[in-house]
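Next come the chains, spelled out residue by residue.
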Amino acid sequence: MDSAGSIKTQYIGGETVSVLLPLPLSGAYDYRVPEGAILKAGDFVTVPLGGRRLAGVVWGPGSGEVAEARLKTVGAVLPAPPLPEVSRRFVDWVAEYTLSPPGAVLKMAASVPKALAPEKPVLGYVRNPAPTTTLKLTVARQRVLDAADGPPRILAELARDAGVDAGVVKALAEAGALIAVPMPVKVFVPPDWKRAGPELSPEQRAAAEALAAKTRAGGFSVTLLDGVPGSGKTEVYFQAVAAALESGRQALVLLPEIALGAQWLNRFRARFGTEPALWHSGVSDAARRATWRAVAEGSARVVCGARSALFLPFPDLGLVVVDEEHDSSYKQEDGVIYNARDMAVVRARLGNIPIVLASATPSLETVANVAAGRYGALHLPDRHGGARLPEVVRVDMRRENLPAGRWISEPLAQALAATFANGEQAMLFLNRRGYAPLTLCRGCGHRFRCPNCSAWLVEHRAVPPIGGQIQKSPRAPQLRCHHCGFSAALPERCPHCQAEGKFAACGPGIERLADEARAAFPKARIALAASDTLASPAAAHDLVRRVEAGEVDLLIGTQVLAKGHHFPGLTLVGVVDADLGLAGGDLRAAERTYQLLHQVAGRAGRGERPGKVLLQTYMPDHPVMAALASLARDRFIAAETEARREAAMPPFGRLVALIVSGEKEAEVERAARALARAAPTDAEVRVLGPAP
C-alpha cells in the first residue's frame, strides 16, 4: 500500500515485488527490484528459480516473508505488453474458484512464451532483375529463379517449390541472383464495422439493436439470445460486435468447435470484409505467437476462439459472445477444471462489459438465471426467411424387428429413398465414431479393453477420409481408445483363448452405418463427419463446400454436425439411436440429449423446402422424445427444472467430486471409504458414494 491506502503498481530499485510464474506453484515468489530499475505490476520479467531462469509476471508488492539476505534479484524486463490488470484479477479469481494454483491459471494466459519477445525478422527471396553473377545456371538453379518470380518467399518455401535443397537457394543469394528482403509480419486487418449486413427481420432487428445499445453503453450485463435453429442468431450478435468495433474496443466470440466453424467464418468475412483472429488447437505455433502478441498490443480487434481464448490478454475488451452456450465442449476436464461459459460471465463482470449467451437450447443454469432476473433475454421465435421448423416423427423401434446387422428402420429407409428421388440431401446422425463400439470373441466372450484406462476399445475400419468422403480401398481393422488415444491393430487370434476368426463387432458406429447405407443406396454420394474424419479446418471447409455445392447426397456424422451448420438443400434428418445419450447415471443426461437432438433436428428444412426428422427410439414415450416430437421445448425445460429443484441438484445445489486414484483398486476403494466416513456431518451436506 502507498500512503493514500491504494495498492502500489510501480516499484523502484531495492523494493520487493512478488512475481507469479506460469507453474503449478502455491503462489507468487518474492524478488528484489534491481537498482536503477522501475517495474510495474503486469510486467513480464525473467527471474531465477533454482538453477533455471524463467519468465513470470510482476504480481504486486512482495509479501515481506523472505529475509533480505535470501532475496534474489529480478533479471530482465521482457519486451512484451504488460498483462492487463483485469487479466491478473481474472487469474486470481479463477484460481480461487477452481481451487487451482494461480500459476497454473497464469500458464493459460501466458501460453505462448515465444510471444514475450519481438518476432525475429524473417528474410524472403526474390529474383534479382539485374543480376551481375556469372554463376553457371544449372537446371536446379533455373527452377529456383523461375519460382522466385513474384512476391518474396522464405527460403524453405522457395526450395520446396523448386524441388531443390536449401543450399541451392543460398548459393544463388550469395552470388547476387536472388535478393534477400525482410518479410512483412502477419497483419490483422481491422474488421470493417461500417459494412452493411444482410436484411434482418423485424424480430432480428429489434434484438440486434438492443444488443448493440448495451455494447455501446458499456457496463456489465448478461443477455441470453434465445432463438430456434435457423433464426439468425449469428447475424444478430454480429451487430453487437460491430458496435464494439465502432466504440474502438475489442470483441471475443467463443465457439464450441471453432476448428469446424467454416460457415461461421464465411459469414463473418461477408459481414466485416476480413477474418477474425483465430485461436484454437489447430492453429500453428507461428500463428498462435502472432495472435497472442496482436491481442496484447490491441491490433487484433476481434478474436474467434475455443474456450482457452478467454484467457488471452485483451487490453480493451468491450464484448464477449458465447455461441452455443449450452455446449459441453466449454467444460475443461483436466488441469484447471472450469466451464468457459461461466468464466466468461466472470471475465465480463471483472471488465465491466456486456456478454451475450446465444443458444437454441439454453442450459438450465442459464434459464434459472434468466428466471431469477440475473440475466436478460431476447427471443427469436421464428426461422429467418419464412422457413418452417421441421416435422419430427418418432419411429418406435420395438415394432420394427430389424434383422441382425441392420440399423436403419423401414420408415427411415423409405424417407431416404424419397429424399434422394427428389434431388434433396439427407443426414444420418449417430453419436458414435468408428465402426463398432465393442469387439468381442464369440468363442470365449473376451472383450477388448484399453490397457491404459480400461475403456472399451472402438473398432475402426474406414480408410482416413479426404474431407470426410469415404474411400473404398480396404484397410485392416484398428482398435482405438477414444479416452486416452491408445491404438492397435485387431489381432488375428483372440489373446485369451487363441481362437481365430471368432471376432464379432457389436453395435454400430458411423462407419458401419455408412456400409449399410451404401448397400441400400449404391448411387448415393456419402460423406462422413466426425472429429476424427475432420481433423483440420481445411477438411471441414472442404466438406462444407461439397455439401453446399450439392456434391453430397447423404451426410453421416456425430455431434459435430449439430453445431451451427446451414445446408439449405438438406431436408431429412434421421437419428439412428435417439436413446443413446439417456443411458447411464449422468445428472444432465435428459437435458443434454434434448439439446443435442434439438440441434441436430434443426439442420433439416432450413431452405425453401420443408424438413422432416425421424427419431429411432425404443422409448417413444420418454419426456425427451415427447418434447422433441411436439416442439414443446419450454414445457420440457420447465419439467426438468422442477425435477432438479426438488432434488436440490444443479443449478439449485452444488456438486463436488473428490476423485481418488491409484494403481491398486483395493487400496483405492479402502481410501475412498475412509474419506467418505471422515466427511463432515452437516444438514446442508450429503455424501454420495464412493462409487467407481
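Here's what I pulled together on the structure shown here. Residue numbering note: each chain is counted from 1, following its sequence as written. Local features are withheld for residues below a pLDDT of 70 in this predicted model, meaning they are given only at 70 or higher, and side-chain atom pairs are given and counted only at 80 or more; totals for whole chains, interfaces and linings count all residues. Excluded from the side-chain calculations are hydrogens and water; all other atoms, namely the structure's heavy atoms, are used.

As a further point, take the packing of helix α15 (residues 589–601) against helix α16 (residues 623–630). In contact at an axis separation of 10 Å, α15 and α16 are set at 30° when each is read in the N-to-C sense. In this view, α15 runs roughly parallel relative to α16, as classed from their interaxial angle. For the crossing formed where α15 meets α16, the hand is right-handed. In contact with A590, T593, Y594, L597 and H598 of α15, α16 contributes V624, M625, A627 and L628. Basically, the charged four are Asp, Glu, Lys and Arg, the nonpolar ten are Ala, Val, Leu, Ile, Met, Phe, Trp, Tyr, Cys and Pro, and anything else, Gly included, counts as polar. Each residue belonging to the contact of α15 with α16 can be placed in one class, and the counts come to seven nonpolar, two polar and no charged. Here an axis means a line fitted to C-alpha atoms, over the contact stretch when the element is a helix, while the angle between two N-to-C directions is reported on a 0 to 180 degree scale. For helices the rule is a DSSP run of H or I covering at least 4 residues; for strands it is a run of E covering at least 2, with both sets numbered from the N terminus onward. Angle categories are assigned with fixed cut-offs, so that under 35 degrees is roughly parallel, over 145 is roughly antiparallel, 65 to 115 is roughly perpendicular, and the rest are oblique. Note on convention: near helix rotated counterclockwise from far helix by under a right angle means a left-handed crossing. Clockwise means right-handed. Should any heavy atoms of two residues lie within 4.5 Å, those residues are counted as being in contact.

What follows deals with the layout of surface pockets. A cavity here means a set of 1 Å grid points, computed over protein atoms only, where a 1.4 Å probe fits but cannot escape. A pocket is an open set with protein on both sides within 12 Å along at least 5 of 7 lines, and lining residues have an atom within 4 Å of a point. Grid points are joined across faces, edges and corners, and a volume is the space filled by probe spheres set on the points. Its volume calculated, the second largest pocket comes out at about 1500 Å³. For the second largest pocket, the lining is made up of 35 residues, of which N431, R432, R433, H483 and Q559 are closest to its centre. Element by element, the count of residues in the lining of the second largest pocket is highest for α15, at seven residues.

A few words now on the packing of aromatic side chains. Any pair of Phe, Tyr and Trp rings, taking the six-membered ring for Trp, is counted once the centres come within 6.5 Å. Such a pair is stacked with planes under 30 degrees apart, edge-to-face with planes over 60 apart, and tilted for the rest. Evaluated as defined, the whole model comprises 13 aromatic pairs. Residues F238 and F268 carry aromatic rings whose centres are separated by 5.7 Å and whose planes lie at 85° to one another, so their mutual orientation is edge-to-face. One end of the pair, F238, is in helix α7 (residues 233–246); the other, F268, is in helix α8 (residues 262–272), and 30 residues separate them in sequence. You can call F238 buried: its relative accessible area is 0%. Between W264 and F268, the ring centres sit 5.5 Å apart and the planes meet at 20°, which makes this aromatic pair stacked. With a gap of four residues between them, W264 and F268 both fall in helix α8, about one helical turn apart. Partly exposed residues are those whose accessible area sits between 20% and 50% of the maximum for their type, while under 20% is buried and over 50% is exposed, using a 1.4 Å probe and protein chains only. Classification of W264 by relative accessible area gives buried; the value is 7%. The class for F268 is buried, based on a relative accessible area of 1%. The structure contains a cluster of three or more aromatic residues connected by ring pairs, namely Y237, F238, W264, F268 and F272. Over the ring of W456 we find R449, and its NZ or CZ is 3.9 Å from the ring centre. Each ring is checked for a lysine NZ or an arginine CZ that lies within 6 Å of its centre and within 35 degrees of its normal; such an atom marks a charge sitting over the ring.

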